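Reading the structure
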Amino acid sequence: MSRAHNILVVDDERNVRATLKSVLEDEGYGVRTVSSGEEAIKATKRFHPDLVLLDIWLPGIDGLKVLEKLGDADNNPVVVMISGHGSVESAVRSTKLGAFDFIEKPLSLDRVLLVVANGLKQKVLQDENLRLRAEVSERWTMIGESDAIVALRKQINRAAPTNGRVLIFGENGTGKELVAHCIHALSQRSSKSFVEINCAAIPGELIESELFGHVKGAFTGAVSDKQGKLDLADGGTLFLDEIGDMSLRTQSKVLRALQEQTFQPVGSTDDHSVDVRIIAATNKDLQEEIKSGRFREDLYYRINVIPFHVPSLRERRDDVPLLAEHFMKGAAAEYGTGLKRLSEPAVARLTAYRWPGNVRQLKNVCERLMVMVADETIQETDLEPAIDAFGPSDERDSSGDLELREARNLFERRFILTKLREHAGNVKQTAMALNIERSHLYRKMKSYGIEPGDGAGE
Ligand SMILES: Nc1ncnc2c1ncn2[C@@H]1O[C@H](COP(=O)(O)OP(=O)(O)OP(=O)(O)O)[C@@H](O)[C@H]1O
Ligand SMILES: [Mg+2]
């Protein structure tokens, strides 16, 4: 067990308090006892109980009132009611008001211990959930004070509640997916699902069954019915990532689904209709794609109701220091290490760099620096190898010699990218071609900031 749990016992009968205290202490819990509702509320603020055993009948304010007040307590304790003779009905009612459970007098100590143990399990789950929720919202915070980001944030706030279809343009790693999440989180659909499909990562033949679902036997390998992402996103948002990579055939099916508001799972004639907001993203120039016949113009106009342009990092260099600090904090929290700071020349160098891989590259560089640099202050000289590992820099290439290690990193990164492209971004095949374990290749790709999609052809 991680830490001893605290339990507050609230009962006006002295012997009940004494018995519960000794039994619960024997189990290793920290226990406080009080005899009235007023005291219970005060004690909760000081003692931060994980669980409260609360008598329903109390002099002064009664147990149900106390239960209500405990609902506002910071640490949100789990409450178990104790009911005396004739108060079972209230006890049942209390569970509707948020009590976890109730126990009846005369107390069976086995039952007390069982209910307490279950209640504490519930408490651990509750806390875990709160933590995760806080983490998720943290995950989707958009850092930046540059004019471009301020304007983007405004645009997100304006567009989010409207339900309008959004098309997000931007270079690799600029934060398109982040923008999509922010729009969803600020929309009226935020309590429903955000479902993502990456059109570049899924082979053409599978994408329709991913999107629309399929019925058992629709094709070889369809061993059971499968719900499509459109169904999964019902009431929420569907994010069509890398929509520029969708085949023409799938484009026409998607267009039809958007026009008619209905679709049919692969192999079925049943019409499904769903209420889904579409957000799409691409790093391609779709006008160009349309001209060259690779993207349907009518689909383009359907999805591009509200266009978003996420600026490259070089167009908002002012944000580099803020982002770097944010990513270094994140890495410190994740790896459980102390925070490091960047020397002024290091900040200047990072700000001046041209970031071909944009924010994602900066994030990778920061994470690498946190791992690689032993000193508490990161110096300008520490940056070169970290940056070179994540993307060739023109400045470096023209400024002269590369040190052996940097040159090797640079070469290895390019080599992996080339091999990935040869295998259309398929990591398994690439690992086989390079004669290394797939997990090893993944680690290398991660350290060099390479995504499988980077090899999918340009
Ligand atoms: N303004 C920002 N503040 C904080 N984190 C950001 C910001 N922009 C991007 N990131 C982070 O950078 C990484 C890359 O962002 P994201 O995946 O949204 O980019 P993308 O444009 O979808 O990239 P790709 O084109 O490669 O798919 C993510 O970890 C994201 O959380
Ligand atoms: Mg993306």
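Before reading on, note that the structure itself is shown above.
Residues numbered from 1 in each chain as written. Chains lettered and ligands numbered in written order. Predicted model: local features only at pLDDT ≥ 70, side-chain atom pairs only at ≥ 80, totals over all residues. Heavy atoms only, no water.

With that settled, consider the site of ligand 1. Surrounding ligand 1, one finds 16 residues, the nearest of these being Ile143, Gly173, Lys176, Leu178 and Arg360. Measuring from an oxygen atom of ligand 1, one finds a side-chain N or O atom of Lys363 at 3.5 Å. For ligand 1, the accessible surface in isolation is 630 Å², of which the surrounding protein chains cover 89%. Secondary structure elements with two or more residues in the shell around ligand 1: α7 (176-185), α13 (319-335) and α15 (358-372). Residue classes in the shell around ligand 1 are distributed as six nonpolar, five polar and five charged. Viewed by domain, the shell around ligand 1 spans two of them, domain 2 (147-311) and domain 3 (320-455), each represented by three or more residues. (Near = heavy atom within 4 Å. Polar contact = N/O pair within 3.5 Å; in protein donor to acceptor, adjacent residues only side chain to side chain. Areas by Shrake-Rupley, 256 points an atom, 1.4 Å probe, with all protein chains shown as cover. Helix = DSSP H or I, 4+ residues; strand = E, 2+ residues; numbered from the N terminus. Nonpolar A, V, L, I, M, F, W, Y, C, P; charged D, E, K, R; others polar. Domains from an automatic or database assignment.)

Quick look at the sheet that holds strand β10 (residues 237-241) now. In space, the five strands of this open sheet follow the order β7-β10-β13-β6-β14, with parallel pairing throughout. What marks the edges here is a single partner per strand, and that holds for β7 (194-198) and β14 (306-309). Here the average twist between neighbouring strands, direction ignored, is 20°. Where strand β6 (residues 166-169) lies against β14, four bridges are found, and the strand directions are parallel. For Ile168, the partnering residue across the bridge sits in β14 and is Phe308. (Pairing = 2+ DSSP bridges. Axes fitted to C-alpha atoms, helices over the stretch in contact; angles between N-to-C directions.)

So, on to the state of the cysteines. Evaluation of the coordinates by the stated rule reveals zero disulfides. Between Cys366, a free cysteine, and Cys182, which holds the nearest cysteine sulfur, the sulfur-to-sulfur gap is 19 Å. (Disulfide = S-S within 2.5 Å.)

Strands sit in the order β2-β1-β3-β4-β5 across an open sheet of five strands; the sheet is parallel. Strands at the two margins of the open sheet, each flanked by one partner only, are β2 (30-34) and β5 (101-104). Sheet twist, expressed as the mean angle between neighbouring strand axes with direction ignored, is 20°. Across four bridges, the pairing between strand β1 (residues 6-10) and strand β3 (residues 51-55) is parallel.

Let us look at unusual backbone geometry. A cis geometry characterises the amide bond from Lys105 onward to Pro106, with omega recorded as -5°. You can see Pro106 is positioned in the loop between β5 and α5 (109-139). Positive phi outside glycine occurs at Asn163, with the angle close to 75°. Within the secondary structure, Asn163 sits in the loop between α6 (147-159) and β6. Asn163 sits in the partly exposed class, given a relative accessible area of 42%. (Buried < 20%, exposed > 50% of the residue type's maximum accessible area, 1.4 Å probe, protein only.)

This part covers the nonpolar core. Counting residues in hydrophobic clusters, the biggest one holds 30 residues, and the most contacted among them are Leu167, Leu211, Leu238, Leu240, Ile243, Phe295 and Ile303. At the level of elements, β6, β7, α8 (204-212), β10, α10 (248-260), β13 (277-282), α11 (286-291) and α12 (297-303) are the ones that each hand at least two residues to this core. Counting residues per element, this core draws most heavily on α10, at four residues. In contact with Leu238, other than residues within four places in its own chain, are Val195, Ile197, Leu211, Lys229, Leu230, Ala233, Val276, Arg277, Ile278 and Ile279. Core analysis: the second largest hydrophobic core is formed by 24 residues, Val320, Ala324, Ala331 and Ile378 among them. (Core = buried A, V, L, I, M, F, W, Y, C linked by side-chain atoms within 4.5 Å. Contact = heavy atoms within 4.5 Å.)

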